[in-house]
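Each chain, written out:
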Amino acid sequence: MTPRARIAVPLVGGLLGAAWLMLALGTAPEVLPSSSAPSRVRSTPAPPPAVAWEPGTVRLMPPAPALAAMPREAMRAVPAPVDTEDGVAPGENEAPAPELPQTPEWRHGKLARITDLLGRDVTRLELERKSAQARGDDVEARRLEVQLSRHRARLGALREERDALARAAHADAREP
């Protein structure tokens with residue numbers, strides 16, 4: 001038997017067994033009291049008969065017991081206060097907060113943060129590569145070396161861009 005069959009056959013059997021069990025439990029008849037036992041009167045009405053569900057229809061669920069015990073007045077929604085000036089409730093149609101201006105100082109700060117994080121990644125990858133070489137895992141060391149070379153190239157480009165933005169931010173700060 002192949003390894004795939006060793007896993008697939010029991011898995012399919014288990015799924016079929018679970019489906020059969022769910023079908024059997026879902027359609028089992030209710031246990032009725034025997035004729036020798038004294039009959040009891042139900043305090044709640046019997047549930048309505050099951051109706052087949054069709055796609056596109058909505059089935060209403062009975063209310064939760066806590067909601068059923070609440071008086072109808074308590075379940076009514078409280079209307080939101082309405083502003084008398086323009087007839088719009090507070091919180092509706094509020095303008096979104098304006099975006100912060102993306103000044104050269106802002107861009108430089110963001111790029112400096114990204115450059116710092118990428119520099120940390122390069123340091124971490126160098127340590128992982130050295131650790132993989134020490135363990136003798138040449139495949140992992142090669143993978144990390146390729147990733148390091150890509151990170152270093154990106155880091156060099158980010159540092160050049162960061163320096164250019166630093167000069168632009170410094171020049172922009174001088175202008176009143």
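Residues numbered from 1 in each chain as written. Predicted model: local features only at pLDDT ≥ 70, side-chain atom pairs only at ≥ 80, totals over all residues. Heavy atoms only, no water.

A.B. asks: Sorry if this is basic, but what is going on with the overall build of the chain here?
C.D. replies: Across its full length, the chain carries 5 helices and 0 strands. Along the chain, helices and strands appear, N-terminal first, in the series α-α-α-α-α. Per-residue burial for the chain yields a buried fraction of 10% across its 176 residues. A sequence separation of at least 24 residues applies to 56% of the contacts in the chain between residues at least 6 apart. Summing over all exposed atoms, the chain offers an accessible surface of approximately 15,600 Å²; the carbon and sulfur share of this is 61%. (Helix = DSSP H or I, 4+ residues; strand = E, 2+ residues; numbered from the N terminus. Buried < 20%, exposed > 50% of the residue type's maximum accessible area, 1.4 Å probe, protein only. Contact = heavy atoms within 4.5 Å. Areas by Shrake-Rupley, 256 points an atom, 1.4 Å probe, with all protein chains shown as cover.)

A.B. asks: Explain the side chain of Arg129 to me, please; I cannot follow it from the model alone.
C.D. replies: Here Arg129 lies in helix 4 (residues 104–135). When its relative accessible area of 14% is taken as the criterion, Arg129 is described as buried. In contact with Arg129, not counting residues within four places along its chain, are Ala141, Leu144, Glu145 and Leu148.

A.B. asks: Help me understand helix 1 (residues 3–26), please; the structure alone is not making it clear to me.
C.D. replies: Along an α-helix, a turn takes 3.6 residues, which lines up residues three or four apart on a common side. An ideal rise of 1.5 Å per residue puts 34 Å on 24 residues; helix 1 measures up with 35 Å between its terminal C-alpha atoms. Little of helix 1 is tucked away: 0 of the 24 residues are buried. (Expected span 1.5 Å × (residues − 1).)

A.B. asks: What am I meant to see in the side chain of His151 here?
C.D. replies: Residue position: His151 is located in helix 5 (residues 138–174). Of the residues examined, His151 reaches a relative accessible area of 18% and is grouped as buried. For His151, the residues in contact, after removing those within four places along its chain, are Leu118, Asp121, Val122 and Leu125.

A.B. asks: I keep staring at the pattern of salt bridges and nothing clicks. Help me out?
C.D. replies: As a working rule, side chains carrying opposite charge can pair if their charged atoms are close by. In this structure the tally under the stated criterion is 9 salt bridges. In this structure, Arg152 engages Glu126 in a salt bridge whose closest nitrogen and oxygen atoms are separated by 2.7 Å. Taken together, the residues span a long stretch of sequence, with Arg152 in helix 5 and Glu126 in helix 4 at a distance of 26 residues. Given a relative accessible area of 35%, Arg152 falls into the partly exposed group. According to the relative accessible area criterion, Glu126 is partly exposed, its value standing at 26%. As a salt-bridge pair, Arg143 and Glu140 come within 2.6 Å of each other at their nearest N and O atoms. Of the two residues, Arg143 and Glu140 are both situated in helix 5; the distance of 3 residues between them amounts to about one turn of the helix. Judged by relative accessible area, which is 43%, Arg143 ranks as partly exposed. (Salt bridge = Lys/Arg side-chain N within 4 Å of Asp/Glu carboxyl O.)

A.B. asks: Could you clarify how one ought to interpret the environment of Pro104 in this entry?
C.D. replies: Mapped onto the fold, Pro104 is located in helix 4. Beyond its immediate stretch of four places on either side in the chain, Pro104 contacts Leu165, Ala168, Ala169 and Asp172.

A.B. asks: Looking at this model, I keep getting lost on the nonpolar core. Mind explaining?
C.D. replies: Within soluble globular proteins, side chains that are nonpolar tend to cluster in buried spots. One finds Leu111, Leu118, Val122, Leu125, Ala132, Ala141, Leu144, Leu148, Leu155, Leu158 and Leu165 forming the largest nonpolar core, which totals 11 residues. Breaking this core down by element, the ones donating at least two residues are helix 4 and helix 5. In terms of residue count, the dominant contributor to this core is helix 5 (6 residues). Beyond its immediate stretch of four places on either side in the chain, Val122 contacts Leu148, His151, Arg152 and Leu155. (Core = buried A, V, L, I, M, F, W, Y, C linked by side-chain atoms within 4.5 Å.)

A.B. asks: Would you take a moment to explain the confidence of the model for the chain for this structure?
C.D. replies: Detailed reading of the predicted model is not advised wherever pLDDT is low. A residue-level look at the chain finds 59% of positions with pLDDT of 70 or above and a mean pLDDT of 76. Within the chain, helix 4 carries the highest mean pLDDT (92), whereas helix 2 (residues 65–69) carries the lowest (60). (pLDDT = per-residue confidence, 0-100.)

A.B. asks: Quick question: what am I supposed to make of helix 4 here?
C.D. replies: For helix 4, with 32 residues, the first-to-last C-alpha span of 46 Å sits near the 46 Å given by 1.5 Å per residue. Regarding helix 4, the residues found buried are Leu111, Thr115, Leu118, Gly119, Val122, Leu125, Arg129 and Ala132. With its phi angle positive at about 90 degrees, Gly136 sits one or two positions after the end of helix 4.

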